[in-house]
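# Examining the three-dimensional arrangement
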Amino acid sequence: MKIDLKKLFASQQAVVPFSETIDLREEKLYGAKPFQSPVHLEGEISRESGVLRLKGTIKTIYSTACARCLKPLEILLTAEVDTVLSDDPDAEEEDDLFVLTGDSVDPADVMVPALILQVQMTYLCREDCKGICPHCGADRNEVDCDCEKKQIDPRFAALRALLDSNEDERN
């Protein structure tokens, strides 16, 4: 949805509200397509003392997996945006500034990067998630496997043999 900024300057209306639902299902992030739910954005573009400001909220459900046990997770992602719109190409150094390339702006172009910045590198299904066993693949949250008790690092196998022979001598 493009908003024509010429109309905003030409009219007496100082605020243009917007509400839109966009599809980001094909957007890749960390090798996956996590935005399988619609992305809703709403807000307004206002003109205050000759300065254009975009304020709004963007939200969606982020589909990912637990970093330890790989269970599917759905995380509510929300980002608040408050950005000044400028047509000055030299003003790109500012954090809260979006440089316009024409006489219109698509709010999604401003707000989607703010949503992506909310994504964390990893998510957990719960804080004390035990993960999966690296040897048998069992989910340690559901099953107590004894792989760690019987697995020995091959570099220490000779030491284990010495310990076993010492126990045999004692008995």
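Residues numbered from 1 in each chain as written. Predicted model: local features only at pLDDT ≥ 70, side-chain atom pairs only at ≥ 80, totals over all residues. Heavy atoms only, no water.

### Some details on the state of the cysteines
What counts here: Cysteine sulfur pairs qualify as disulfides if the two atoms are within 2.5 Å.
With the rule as written, the count across this model stands at zero disulfides. Just so you know, Cys129 is unpaired, no disulfide at all, and the nearest cysteine sulfur is the one on Cys125, 3.7 Å from it.

### Side note on the nonpolar core
Condition: We call a set of buried residues a nonpolar core when its members are Ala, Val, Leu, Ile, Met, Phe, Trp, Tyr or Cys and they connect through side-chain atoms within 4.5 Å of each other. The buried label goes to any residue with under 20% of its type's maximum accessible area, the exposed label to any with over 50%, and the partly exposed label to all in between, with areas taken from a 1.4 Å probe on protein chains only. Helix and strand assignments come from DSSP, with helices taken as H or I runs of at least 4 residues and strands as E runs of at least 2, each series counted from the N terminus.
Membership of the largest hydrophobic core comes to 32 residues, with the highest contact counts inside it found for Phe35, Ile45, Leu54, Ile58, Leu85 and Met111. Elements represented by at least two residues in this core include exactly strand 2 (15-22), strand 3 (39-48), strand 4 (51-65), strand 5 (72-86) and helix 2 (107-116). The element contributing the most residues to this core is helix 2, with six residues.

### Thoughts on helix 2
Residues that lie three or four places apart on an α-helix share one face, since the helix turns once every 3.6 residues. Of all 10 residues in helix 2, seven are buried, a share of seventy percent or more. Those residues of helix 2 that sit buried are Pro107, Ala108, Val110, Met111, Val112, Ala114 and Leu115.

### Brief notes about the packing of aromatic side chains
For clarity, the cut-off: Here a pair means two rings of Phe, Tyr or Trp (six-membered ring of Trp) with centres within 6.5 Å. Their orientation is stacked below 30 degrees between planes, edge-to-face above 60, and tilted elsewhere.
Taken as a whole and judged by the stated rule, the model has two aromatic pairs. In textbook terms, an aromatic cluster arises when at least three aromatic residues are bridged by ring pairs, as seen for Phe35, Tyr62 and Tyr123.

### Describing the side chain of Asp106
Going by this rule: We treat Lys and Arg as the positive residues and Asp and Glu as the negative residues; His and chain ends play no part in the count. In the sections that follow, a salt bridge refers to a side-chain nitrogen of Lys or Arg positioned within 4 Å of a carboxyl oxygen of Asp or Glu. In this analysis, two residues are considered to be in contact whenever any of their non-hydrogen atoms come within 4.5 Å of each other.
As for its placement among the helices and strands, Asp106 is situated in the loop between strand 7 (104-105) and helix 2. Of the side chains bearing the opposite charge, Lys2 lies closest to the buried Asp106, which forms no salt bridge; the N-O distance is 5.6 Å. Each residue touching Asp106, except ones within four places of it in the same chain, is listed here: Met1, Lys2 and Glu20.

### A closer look at the confidence of the model for the protein
As a reminder, the rule being used: Values of pLDDT, which run from 0 to 100, indicate the predictor's confidence residue by residue.
With 88% of its residues at a pLDDT of 70 or more, the protein shows a mean pLDDT of 83. Mean pLDDT across the secondary structure elements of the protein bottoms out at helix 3 (residues 147-150), with 66, and peaks at strand 4, with 91.

### Focus: the pattern of salt bridges
This structure, assessed with the given rule, holds six salt bridges. Here Glu26 ties to Lys33 by a salt bridge, and the two come within 2.9 Å at their closest N and O atoms. Judged by relative accessible area, Lys33 falls into the partly exposed class, the value being 37%. Residue Lys71 pairs with Asp139 through a salt bridge whose shortest N-O separation is 3.7 Å. One end of the pair, Lys71, is in the loop between strand 4 and strand 5; the other, Asp139, is in the loop between helix 2 and helix 3, and 68 residues separate them in sequence. For Lys71, a relative accessible area of 28% gives the class partly exposed. Residue classification places Asp139 among the buried positions, given a relative accessible area of 14%. Linked by salt bridges that have partners in common, Lys71, Asp139 and Glu142 make up one network.

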